[in-house]
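Understanding the architecture of this molecule
This is what each chain is made of:
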Amino acid sequence: MSTTTTGAAGTTETELAIGGMTCASCAARIEKKLNRMDGVAATVNYATEKAKVTFSDDVTVADLIATVEATGYTAAPPAPPRERNAPEQGGPGAEAADELRPLRQRLVTAVVLAVPVIVLAMVPALQFEYWQWLSLTLTAPVVTYAAWPFHRAAWTNARHGAATMDSLISVGTSAAFLWSLWALFFGSAGMPGMTHAFELTIARSDGAGNIYLEAAAGVTAFILAGRYFEARSKRRAGAALKALLELGAKEVTVLRGGREERIRTEDLAVGDRFVVRPGEKIATDGIVVEGSSAVDASMLTGESVPVEVGVGDAVTGATLNAGGRLVVEATRVGADTQLARMAKLVEDAQNGKAAAQRLADRISAVFVPVVIALALATLGFWLGNGAGLTAAFTAAVAVLIIACPCALGLATPTALMVGTGRGAQLGILIKGPEVLETTRKVDTIVLDKTGTVTTGRMTLLKVHTAASTDEREVLRLAGALEHASEHPIAQAVATGAAEKAGPLPVPEDFANLPGLGVQGVVDGHAVLVGREKLLAEWAMHLPAELARAKEEAEAAGRTAIAVAWDGEARAVLEVADAVKDTSAEAIRRLRSLGLTPILLTGDNRAVAEAVAREVGIDEVIAEVMPQDKVDVVKRLQGEGRSVAMVGDGVNDAAALAQADLGLAMGTGTDAAIEAGDLTLVRGDLRAAADAIRLSRRTLGTIKSNLFWAFAYNVAALPLAASGLLNPMIAGAAMAFSSVFVVGNSLRLRGFRAES
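What counts, and where the lines are drawn
- The residue count restarts for each chain, going from 1 along the sequence in the order it is written.
- Given that the model is predicted, a residue must reach a pLDDT of at least 70 before its local features are reported, and side-chain atom pairs must reach 80 or more before they are shown or counted; all residues, however, enter totals for whole chains, interfaces and linings.
- Excluding hydrogens and water, the side-chain figures rest on all heavy atoms present in the structure.
- UniProt positions are given in the numbering used here, feature names are shortened, and annotations may be inferred rather than shown by experiment.
- The helix and strand labels rest on DSSP assignments: H or I over at least four residues marks a helix, E over at least two residues marks a strand, and numbering proceeds from the N terminus.
- Relative accessible area decides the class of each residue, using a 1.4 Å probe on protein chains only: under 20% of the type maximum gives buried, over 50% gives exposed, and in between gives partly exposed.
- Axis geometry follows a simple rule: fit a line to the C-alpha atoms, using only the stretch in contact for helices, then measure angles between N-to-C directions, giving values from 0 to 180 degrees.
- By the definition adopted for this analysis, an angle is roughly parallel if under 35 degrees, roughly antiparallel if over 145, roughly perpendicular if from 65 to 115, and oblique otherwise.
- In what follows, a contact means two residues having at least one pair of non-hydrogen atoms within 4.5 Å.
- The nonpolar class holds Ala, Val, Leu, Ile, Met, Phe, Trp, Tyr, Cys and Pro. Asp, Glu, Lys and Arg form the charged class, and all remaining residues, Gly among them, are polar.
- Strand pairing requires that DSSP identify at least two bridges connecting the strands.
- For this document, the term salt bridge refers to a Lys or Arg side-chain nitrogen within 4 Å of an Asp or Glu carboxyl oxygen.
- Two rings from Phe, Tyr or Trp (for Trp, the six-membered ring) form a pair when their centres are within 6.5 Å of each other. A pair whose planes differ by under 30 degrees is stacked, one over 60 is edge-to-face, and the rest are tilted.
- A patch consists of residues whose relative accessible area exceeds 30% and which take part in no salt bridge; residues with like charges are grouped when within 9 Å of each other, and nonpolar side chains (Val, Leu, Ile, Met, Phe, Trp, Tyr) when within 5 Å.
- The method behind every accessible area is Shrake-Rupley, applied with a 1.4 Å probe, and residues are considered shielded solely by the protein chains displayed.
- The definition of a polar contact used here is a pair of N or O atoms within 3.5 Å, where within protein one atom must be able to donate a hydrogen and the other to accept one, and adjacent residues in sequence count solely through side-chain atom pairs.

As recorded in an unreviewed UniProt entry, the chain goes by the name Heavy metal translocating P-type ATPase, listed as coming from Streptomyces gamaensis. UniProt annotates the chain under Sequence similarities (unreviewed entry) with the comment "Belongs to the cation transport ATPase (P-type) (TC 3.A.3) family. Type IB subfamily." Quoted verbatim from the Subcellular location (unreviewed entry) field of UniProt, the annotation for the chain is "Cell membrane".

By the element assignment, Ala720 lies in helix H26 (residues 686–721). Accessibility expressed as a relative area gives 0% for Ala720, which makes it buried. In sequence terms Ala720 and Ala375 are 345 residues apart; their C-alpha atoms lie 9.3 Å from each other.

A separate point is the packing of helix H5 (residues 131–146) against helix H6 (residues 148–159). At their nearest, the axes of H5 and H6 sit 5 Å apart, and the two run at 45 degrees to each other. Judged by the angle between their axes, H5 and H6 are oblique. Residue-level inspection shows Val143, Thr144, Tyr145 and Ala146 of H5 in contact with H6, the latter providing Trp148, Pro149 and His151. Of the residues in the contact of H5 with H6, the class split is five nonpolar, two polar and no charged.

With that settled, consider the sheet that holds strand S10 (residues 293–296). Reading across the sheet, the three strands line up as S11-S10-S13 and stay open at both edges, with antiparallel pairing between neighbours. Looking at the sheet topology across the chains shown, the edges are occupied by strand S11 (307–309) and strand S13 (320–321). In terms of strand pairing, S10 meets S13 through two bridges, oriented antiparallel. Paired with Val295 across the strands is Asn321, a residue of S13.

A separate point is the pattern of salt bridges. Per the stated rule, a full pass over the model turns up 28 salt bridges. Between Glu260 and Arg325 there is a salt bridge; the shortest N-O distance is 3.4 Å. You can see Glu260 sitting in strand S7 (residues 259–264) and its partner Arg325 sitting in the loop between S13 and strand S14 (326–332), a full 65 residues away along the chain. Between Arg273 and Glu329 there is a salt bridge; the shortest N-O distance is 3.3 Å. Of the two residues, Arg273 is situated in strand S8 (residues 273–276) and Glu329 in strand S14; the sequence distance between them amounts to 56 residues. Using a relative accessible area of 27% as the deciding quantity, one classes Glu329 as partly exposed. The network of salt bridges with common partners includes Glu260, Arg277, Glu290 and Arg325.

We now examine the packing of aromatic side chains. Applying the stated criterion across every chain, the model contains three aromatic pairs. Between Trp179 and Trp182, the ring centres sit 5.1 Å apart and the planes meet at 25 degrees, which makes this aromatic pair stacked. Residue Trp179 and its partner Trp182 are located together in helix H7 (residues 165–185), separated by three residues, close to a single helical turn. The exposure class assigned to Trp179 is buried, which follows from its relative accessible area of 7%. Judged by relative accessible area, which is 29%, Trp182 ranks as partly exposed.

Turning our attention to the pairing of S10. Bridging between S10 and S11 involves three bridges; their strand directions are antiparallel. The residue bridging Val295 from the neighbouring strand is Val307, located in S11.

One non-glycine residue, Asp523, lies in the positive phi region at around 50 degrees. In this structure, Asp523 sits in the loop between strand S19 (517–522) and strand S20 (525–530). Judged by relative accessible area, which is 39%, Asp523 ranks as partly exposed. Non-glycine residue Glu623 carries a positive phi angle of around 55 degrees. Its location among the elements puts Glu623 in the loop between strand S24 (619–621) and helix H23 (626–638).

Let's shift gears to a nonpolar patch on the surface. A cluster of nonpolar residues, Val111, Val115, Val119, Val123 and Leu126, forms a patch on the protein surface that exposes about 350 Å² of accessible area. Here Val111 lies in helix H4 (residues 101–122). Exposure remark for Val111: the relative accessible area of 38% places this residue in the partly exposed category.

Let us look at the side chain of Ser745. Here Ser745 shows up in helix H27 (residues 727–746). For Ser745, a relative accessible area of 0% translates into the label buried. Side-chain polar atoms of Ser745 contact the side chain of Asn705, separated by 2.9 Å. The contact partners of Ser745, leaving out residues within four places of it in the chain, are Ala411, Thr414, Ala415, Val418, Thr701 and Asn705.

Turning next to helix H22 (residues 605–615). Among the residues of H22, those classed as buried are Val607, Ala608, Ala610, Val611, Ala612 and Val615. Of the surrounding elements, those touching the buried residues of H22 are helix H16 (449–453), strand S17 (454–465), strand S22 (568–579), helix H21 (583–592), strand S23 (596–600) and S24. Directly after H22, the chain includes Gly616, whose backbone phi takes a positive value near 90 degrees.

A few words on the pairing of strand S26 (residues 661–665). Buried residues dominate S26, accounting for five of its five residues. In S26, alternate side chains face the same way, and those of Leu661, Leu663 and Met665 on one face and Gly662 and Ala664 on the other are all buried.

With respect to topology, six strands assemble into an open sheet ordered S7-S6-S8-S14-S9-S12, the strand pairing being antiparallel. Two strands close off the open sheet at either side, each with one partner strand: S7 and strand S12 (314–315).

Next comes the structure, spelled out in structure tokens:
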């Protein structure tokens, strides 16, 4: 796949893989710098670590890369999909297969070394003669090696006059560590037998006997844990593309020189003829040149009824041949196929989706400069009042240390961990903290029909019989004949008949009539099952009541199947994609959350409106092609709506990625699940309402955690500036705020799904 394409006259579009971003504000900074270039329009996505850039002829890709590097990050054209998605063992992609390993190594280092440091500082009984030197030895690797990403990001931020949570972490941990070094080597803290007594007294000291190593080590460990779990979620963001590319057939049987030959699908060329047997996926887009069959295209198009195809009909790659043998001539291969274009739609939607900036970063952008200014003001005040250099520095450094975000580091990951854990118990998987901000603003929910509101499989719904005809007899004879057919509608009839009428007899004779139905002999009766046209060919016509039932069924978008035997039309069977029992209740719950439901489907309007009436949806958008679903979502967003999308098929993947909030049914395809922000494991639409409620509750918990974490910092800052903060008050206050944050998060365990 080319990463650079020619767009409108005089413009080129390219993608760059961005490295070195640590938060959403990094993405915003790179985007701002690129957009300042003449003739450049760029969007940068933190989740996918890509920049999508459109630029004029007088700008080169090298210029774009140079601008990103000047901003403090790395940029390069991304690797082709095959190389990126399928790294060979020991090959160039092998290391990328576990890009979380460096972060995991830093986290393990920080936790193993920080725990004893925190325990020693908080339990005076364990403070042996040289405990402070052991604490220093354990803390040094944590503050240098484990916290290195924070220091690097803080330096990059400082060079560009910005501040994020990374800046706050770096400044706070560095201040605590450097002051402890000074106190150990030049103050009295390094003396044998030094202890931190558990005294919550407010008294001014010169700080020479105080060390803050537990703050430096503990904060680093806590925040690395949060970053690791967030990175694990973020890593899945690009997996939708891989899932889409995996959907196609891997191998294909081509006809060459009158012989069948098995080759890889990517080696197909336009004009090649290939064989598709029943149950196989169609390898690429093409035209049927031999044979007839029913093709199940619901995965791509959302059309619930299998499509009958014959010579001259177009077929799409990755759809399933559910009937007879086909020979297809390839018309589009590789990046030109509908599947590849849908993968591109997903990628474009993900790149264009604005990554929600972390709340902590937005607060830190203001908080960090204020804290640094306050520390400098404190230093200046005490020096001006003749308090002495040591006391003045003690007060100034205490300001930086107390601002160090211990509780802040726990605020998001603990709430997210408890919220996602509770969600998993209820069959709701939340991908990451960015998802939660969107749930609060969503006001419109777009629902795919097939597999979401409906079951996604053809079902025998009703049996209409002529006078003096037994329904059980109809089901036995029609079901027996349909059981011998491979057609999906026939299988729906056979399954329904077996459930209602018990074991089915075996036909004595059977013939499949493409496009019409089936005929055969069952229990000595000559039976016909299929279209009304099939009966007409045998001079049989539906009586008035059955003709009326057929018309009503078709008006409701259902498939009507005529049944006749022994020269007489006996019944009409209604087959359709049945509405799930829980869908109407789910719509009611979504409305109660302030959401406006819209039904969106590739199916015909009659079917869509019948389903909408049954579940209580007022607005229907039907007969929509897969690529147009994205445009529908964009149009709704253009009207100022915040859109949630619920879907389950490949045809929904791009729309799920484009929507402000994508909810994927866990019973659907991998591509849809990967493109969504929330996954509903049970495949029950009621879980969508529970997912939005849980997400909103989790977001509310994160916000209250952040408030109290900062409130603790702000309340303690005056004490620090006054020089009245001793280590035990700092430690106790930090511990209390952390316990409060954890306790507040644990309340999410009480969340209940609506019964």
